[in-house]
Amino acid sequence: MPHTPIRLNFPARRWAAHASAAAFALVGLAACVAPPARGPDQPTLSPDRVAQIVASPDRSEADRRNDARRKPQEMLAFIGVYPGMVALDLSAAGGYTTELIARATGPTGRVYGQSPPRPPSSRPAQPEGATGPMPAAVAGAAPRPSPMALAERAKNPNASNIVAIVRPFEDPVPPELASNGLDLVTLMFNYHDFGHMGVDRAAVNRAVFAALKPGGVYVIADHAGRPGTGISEAGTLHRIEESFLRNEVEQAGFRLAAEGNFMHNPADARDSNTPPPPQSKDEFVLKFVKP
């Protein structure tokens, strides 16, 4: 199915004023390329291939520093990425996960990195705390608008299958893919933010469900909250209760397929934004499947 060129109609916001016209042209060009059809029963990447992707010498130094807390080898293996996948990375931000999936799906795959069309109207009570040791230069860096960051990543031949899209969270998928058009959707450590941002989470999950092919996978990772807190501490501690998130996603029709324990930290009491002494938050990863 041919693609309709993606229109990046940014409102007159401060962050958009710094957008690069050349970067947007690159994004628009990539968006016109039709995604490949899914092959039958394609095997997931081997552990050796996943390790090669993570160790690629052309990955940025900032991404390599992030690897210590994001555990990319375990994450890619858990997701079950295979070449040729058509994927959507919800709330792609700087594109750390977007690029990893793009490298894993290869030149026959396509990865859409989604960001909302404007900054959220509401702000959390406090900034998100550190989730582990991070160099000051990285922690204090001013982030670029997501479409610019993704366009920069797409300049790398090994990640040229990244397509930046600017769409609301409640309608995150390009129309030509919105019905059974995706193999994979990921949402990394941002589902809890929907609580303080006022996002209609049920609409998000319905849209993802409709866009995934039967058997398609929805993988969500987030910071674990204490039992009984639900999503009430999203804007303060930046956490969400795992069972609360699971229940919301299953209400859209998804079936839980697997739980990833590789980001759990039992030493985290889950009662603060940045666990003392500085350490990683207790985090969970859930894989849902569209029946």
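Residues numbered from 1 in each chain as written. Predicted model: local features only at pLDDT ≥ 70, side-chain atom pairs only at ≥ 80, totals over all residues. Heavy atoms only, no water.

Peer 1: How should I be thinking about the nonpolar core in this particular structure?
Peer 2: Here is a general trend for soluble globular proteins: nonpolar side chains tend to be buried in one another's company. L182, Y191, Y218, L245 and F288 are the most contacted members of the largest nonpolar core, which has 34 residues in total. Those elements that provide at least two residues to this core are β1 (86-90), β3 (162-166), β4 (182-188), α8 (193-197), α9 (201-211), β5 (212-223), α10 (242-251) and β7 (283-289). Ranked by size, the runner-up nonpolar core spans 33 residues in total, among them I53, F78, L100 and A159. (Core = buried A, V, L, I, M, F, W, Y, C linked by side-chain atoms within 4.5 Å. Buried < 20%, exposed > 50% of the residue type's maximum accessible area, 1.4 Å probe, protein only. Helix = DSSP H or I, 4+ residues; strand = E, 2+ residues; numbered from the N terminus.)

Peer 1: Mind showing me how you'd approach the pairing of β3 here?
Peer 2: Each regular strand carries side chains that alternate between the two faces of the sheet. The buried fraction of β3 is high, at five of five residues. The alternating pattern of β3 places I162, A164 and V166 and V163 and I165 on opposite faces, both of which are buried.

Peer 1: So what exactly am I meant to see when it comes to the packing of helix α3 (residues 61-70) against helix α5 (residues 96-105) here?
Peer 2: When two helices pack together, you describe them by how their axes are tilted relative to each other and by the distance separating the axes. In contact at an axis separation of 11 Å, α3 and α5 are set at 95 degrees when each is read in the N-to-C sense. The angle between α3 and α5 places the two elements in the roughly perpendicular class. In contact with D63, N66, D67 and R70 of α3, α5 contributes Y96, T97 and E99. Residue classes in the contact of α3 with α5 are distributed as one nonpolar, two polar and four charged. (Axes fitted to C-alpha atoms, helices over the stretch in contact; angles between N-to-C directions. Parallel < 35°, antiparallel > 145°, perpendicular 65-115°, else oblique. Contact = heavy atoms within 4.5 Å. Nonpolar A, V, L, I, M, F, W, Y, C, P; charged D, E, K, R; others polar.)

Peer 1: Before we go on, may I ask you to explain the side chain of S115 in this structure?
Peer 2: Turning to its location among the elements, S115 is positioned in strand β2 (residues 110-115). Every residue in contact with S115, bar those within four places of it in the chain, is listed here: S146, P147, I165, V166 and R167.

Peer 1: Would you explain the pattern of salt bridges in this entry?
Peer 2: Where charged atoms from two side chains of opposite charge approach closely, those side chains can pair. Applying the stated criterion to the full structure yields 12 salt bridges. We note a salt bridge from R103 to D58, for which the minimum N-O separation is 3.0 Å. Taken together, the residues R103 in helix α5 and D58 in the loop between α2 (47-54) and α3 connect sequence positions 45 residues apart. In this structure R103 comes out as buried when scored by relative accessible area, which is 7%. When the shortest N-O distance is used, the salt bridge between R153 and E99 registers 2.6 Å. Taken as a pair, R153 in helix α7 (residues 146-153) and E99 in helix α5 lie far apart in primary sequence, 54 residues in all. (Salt bridge = Lys/Arg side-chain N within 4 Å of Asp/Glu carboxyl O.)

Peer 1: When you look at the environment of S243 in this model, what are you seeing that I'm missing?
Peer 2: Along the chain, S243 falls in helix α10. Under the relative-accessibility criterion, S243 is labelled partly exposed at 45%. Measuring from C-alpha to C-alpha, the distance between S243 and G228 comes to 9.2 Å, with 15 residues separating the pair along the chain. A distance of 3.1 Å separates the side chain of S243 from the side chain of E241, its partner in a polar contact. (Polar contact = N/O pair within 3.5 Å; in protein donor to acceptor, adjacent residues only side chain to side chain.)

These values are about where atoms sit, not about what they do.
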